[in-house]
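Residue strings, one per chain:
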Amino acid sequence: MGRNKNLRSQRGALIFLAPLAVSAIVLIMVLAVDSARLLALNSEMQNQVNAAASAAADGAQACGGADIAMSTMTARALAAAQAAGYDGDGGALEVLPGLLESSEENTDLVFRSVPESALNRSNGVRVSMTREEPISRLIPVGSITLETSAAVRKEVNATISAAGSAADVEGGLLGDLVGAVLGDPSYSLSPTQLDSLENTLVNVGDLLERMGVASVADLVDEPLVDLLTEVTGLVGGAAQPIGGLVDDLTGATGISGLYVSDVLEVVEGANVPANASFPVYDLVISTVMNSARVLSDSGSLLTLNLQTSESTLLQSLTSSIGELADLDVALGLHVAEPPKIVYGPARQDSDGEWVTQFQSADIRLEAVISAGLSDSTINSLISTLSLGLIDLNLLEDIDIPLAVQAGGGRGSFVSGDCARGGNDNDVSLGFDLVDTAVEIETGRIDPGTGTVIPGDVHAEILELTINTILLGTYTEQLCVDAGLAVDLYGETTLPSVIHNYPLECADGDCARKSLASGNSADDFDANVDITSLDLTCGTSGLGAGILSVANALVTPITILLEDVASDVVQGVVAPLLAALGVNPGNMSVTVVNANQNTTQLIENVSIVN
């Protein structure tokens, strides 16, 4: 009896619990279906914002080329999201330009948004999407807000140099400069060495492996002499023409105190890929200039002397000037700031400054031209004027001291396209260039400060012995006291874009592409005028015969000074400046390679202020 009663009681409980259990199972199944639906919807939204952010990042400053706009980024984001299945308008998409970056303190990537007025700072875009969705399609249990986001960083990075070009080297001037750094006046560079310098690139990956460091960021802290040693090995060893030159530089004055950062700068945050490369020519020039700077800092000018008897360049200059017996040029170089090879992207920092900036050398060049008068030419002229009553004695050469101030031209990397894939991976790279300021005046360079000490031309050139019946024999001297004005002119209009630069190169070897005004040392012109000329040594009361001789010499001496100064400026000073990257009349920049290796996508990344 009692047992039957318990069974009836259990049946009653089951009748009551069964619907609840079935409802719970149904609810769980509904929630499982809704959860799967919401997860699938969230995944679909994530795919859409990933596509939107990737497309919008093509319009950021570091990737979007010369013309960027918020409207372009927004339109690209919406179009990409719709292509991925998004069926709404742009209202649910939030597009934020900014920087996807890490720091030394925090290596995790974070997104830092920038206002629309500061798009020049952007290297990426964050796109977020929100959507109100019912928790269940069957059960009215309220709604939930789904939110997904993605940030994408895209940058074109370029290796840039304004260190000059071997194509501008004439008359062995670069060899003279290297010899001065090495303390070897007889040092010279062969055409083979120059060609090797111009055309040789060093692979970053190979260099890092030989140096035993993980990245270029670690490389810049290494001693420069170690870098030069490994470069020598990479280009074929000291027995090869270019390897021998680089190897020689390891013993140059001042190299022992220099680091790789003195010749190579990598913008913070820029990741140099292993397949990038550096030009050996630019490395050599920067090394030479840094060594010269060490001497400048110690109060010395780097001295180069060109003798007519040994220089085909000077021989060609003097061959057309009949009044000259000889011509020697002493060059003294004071380096205020050497050039560097720079690697980085095209965008601005938080202060509105372009992060990738480069420069040519900032130097002072002292050119003392020693011009000797031709005894036969002057003697013939004076004998004709004086009927043989005056004998001459040449006293000294005319020294023309020219001080050249070549303030380093500067430039910034301001725009770069990201490749869109497919067969066309050529991009356009834009630059803002500030022309090289070159000034030339008569004077000398103070070795300690690099400042110009103005001074005119002065020389005692002739001692004349006059034979007269009334006064007997007496002597007078003629001097040169002259002021020179050097007027530099040339085209200075500079293009600002390198078009069709390949991001992908055959065999990983991109050709160097240079941007300049189109001028070269050959186009450079120097118009030298005599502003004052006195041949009397400041003495009054000279005899009529002496005055007639002095007056007759004014024209040939004027021609001599103007021609010699002009020829040396154009034939010696201009090529040397060009070889050092200070192209008179224009600013030039060379892009060695460019790459797009910093594309990154981070889902649901943190936003920081």
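Criteria and cut-off values
- Residues numbered from 1 in each chain as written.
- Predicted model: local features only at pLDDT ≥ 70, side-chain atom pairs only at ≥ 80, totals over all residues.
- Heavy atoms only, no water.
- Helix = DSSP H or I, 4+ residues; strand = E, 2+ residues; numbered from the N terminus.
- Contact = heavy atoms within 4.5 Å.
- Areas by Shrake-Rupley, 256 points an atom, 1.4 Å probe, with all protein chains shown as cover.
- Pairing = 2+ DSSP bridges.
- Axes fitted to C-alpha atoms, helices over the stretch in contact; angles between N-to-C directions.
- Disulfide = S-S within 2.5 Å.
- Buried < 20%, exposed > 50% of the residue type's maximum accessible area, 1.4 Å probe, protein only.
- Parallel < 35°, antiparallel > 145°, perpendicular 65-115°, else oblique.
- Left-handed = near helix turned anticlockwise from the far one by under 90°.
- Core = buried A, V, L, I, M, F, W, Y, C linked by side-chain atoms within 4.5 Å.
- Nonpolar A, V, L, I, M, F, W, Y, C, P; charged D, E, K, R; others polar.
- Salt bridge = Lys/Arg side-chain N within 4 Å of Asp/Glu carboxyl O.

Just to check I follow, could you spell out the overall build of the protein for this structure?
Summing up its helical and strand segments, the protein has 12 helices and 27 strands in all. Long-range contacts, defined here as pairs at least 24 residues apart, represent 77% of the contacts in the protein between residues at least 6 apart. Carbon and sulfur atoms provide 49% of the accessible area of the protein, an area that totals close to 26700 Å².

What's the story with the sheet that holds strand β26 (residues 600–603) in this structure? I'm lost.
Sheet strands pair via backbone hydrogen bonds, and the direction of the pair is either parallel or antiparallel. Judged by pairing direction, the sheet is mixed, and its six strands sit side by side in the order β26-β4-β3-β1-β2-β27 without closing on themselves. Strands with a single pairing partner mark the edges of an open sheet, and in this sheet they are β26 and β27 (607–608). Of the strand pairs in this sheet, strand β1 (residues 93–101) and strand β2 (residues 110–113) are connected by four bridges, and their pairing is antiparallel. Among the inter-strand pairings, G98 is bridged to a residue of β2, identified as S113. Packed on one face of the sheet, helix α2 (residues 70–83) meets β1 and β3 (124–134) and runs near 110° to β1.

Looking at this structure, how should I read the state of the cysteines?
Note: disulfide means a covalent bond formed between the sulfur atoms of two cysteine side chains. Considering all chains together, one arrives at two disulfides under this definition. With a sulfur-sulfur separation of 1.9 Å, C63 is cross-linked through a disulfide to C418. Taken together, the residues span a long stretch of sequence, with C63 in the loop between α1 (2–57) and α2 and C418 in the loop between β16 (410–416) and β17 (426–434) at a distance of 355 residues. Considered together, C63 and C418 belong to a single accessibility category, that of buried residues. Here C479 is linked by a disulfide to C537, with a sulfur-sulfur distance of 1.8 Å. Here C479 and C537 share a disulfide; its torsion about the S-S bond, 90°, makes the bridge right-handed. Placement of the pair is C479 in strand β21 (residues 472–489) and C537 in the loop between β24 (525–534) and α12 (544–579), with a sequence separation of 58 residues. For C479, a relative accessible area of 3% translates into the label buried.

I tried to follow the packing of helix α5 (residues 204–211) against helix α7 (residues 224–234) on my own but got confused; where do I start?
Each pair of packed helices can be summarised by the angle the axes make with each other and by the distance between the axes. Put simply, α5 and α7 touch, their axes get as near as 10 Å, and they point 120° apart. Classified by the angle their axes make, α5 and α7 are oblique. In the crossing of α5 with α7, the sense of the turn from one axis to the other is right-handed. Residues D206, L207, R210 and M211 of α5 lie in contact with α7, whose contacting residues are D226, L227, E230, V231, G233 and L234.

I'm lost on the side chain of S566 in this one. Help?
In this structure, S566 sits in helix α12. Among all residues touching S566, those that are not within four sequence positions of it are A526 and V528.

Which parts of the structure should I look at to understand the sheet that holds strand β7 (residues 264–266)?
Across the sheet, which stays open at both edges, the five strands sit in the order β7-β11-β5-β25-β23 with mixed pairing between neighbours. Taken across any chain shown, the strands that pair with only one partner, and hence form the sheet edges, are β7 and β23 (513–515). Each strand axis lies, on average, 25° off the axis of its neighbour in the sheet, ignoring direction. One ladder, built from three bridges, connects β7 with strand β11 (residues 341–345); its direction is parallel. Bridging across to β11, L264 finds its partner in I341.

Any chance you could explain the nonpolar core here in plain terms?
The nonpolar side chains of soluble globular proteins are, as a tendency, buried together. Within the largest apolar cluster, 111 residues are counted, with the highest numbers of intra-cluster contacts made by L333, I398 and I557. It is α12 that provides the largest number of residues to this core, a total of 16 residues. Leave out the neighbours within four places in its chain, and I398 touches I369, S370, A371, L373, V457, A459, I461, V480, I557, L560 and L561. Listed in part, the 23 residues of the second largest apolar core include V156, A158, F413 and I498.

Just to check I follow, could you spell out the packing of helix α3 (residues 173–182) against helix α9 (residues 280–297) for this structure?
Two elements in contact, α3 and α9, have axes separated by 10 Å at closest approach and are oriented at 50°. Between α3 and α9, the angle is such that the two are oblique. Crossing angle aside, the handedness with which α3 passes α9 is left-handed. Side by side, α3 and α9 meet where L174, L177, V178 and V181 of the first sit next to Y281, I285, V288 and S291 of the second. Across the contact of α3 with α9, the residue classes break down as seven nonpolar, one polar and no charged.

Explanation requested: the pattern of salt bridges in the structure shown.
Where charged atoms from two side chains of opposite charge approach closely, those side chains can pair. A complete count under the given rule lists 10 salt bridges for this structure. In this structure, D58 engages K154 in a salt bridge whose closest nitrogen and oxygen atoms are separated by 2.8 Å. With D58 in the loop between α1 and α2 and K154 in the loop between β4 (143–153) and β5 (157–161), this pair connects stretches of sequence that are 96 residues apart. With a closest N to O distance of 3.9 Å, R444 and E366 form a salt bridge. With R444 in strand β18 (residues 437–445) and E366 in strand β13 (residues 362–373), this pair connects stretches of sequence that are 78 residues apart. Taken together, the shared-partner salt bridges connect R153, E155 and R347 into one network.

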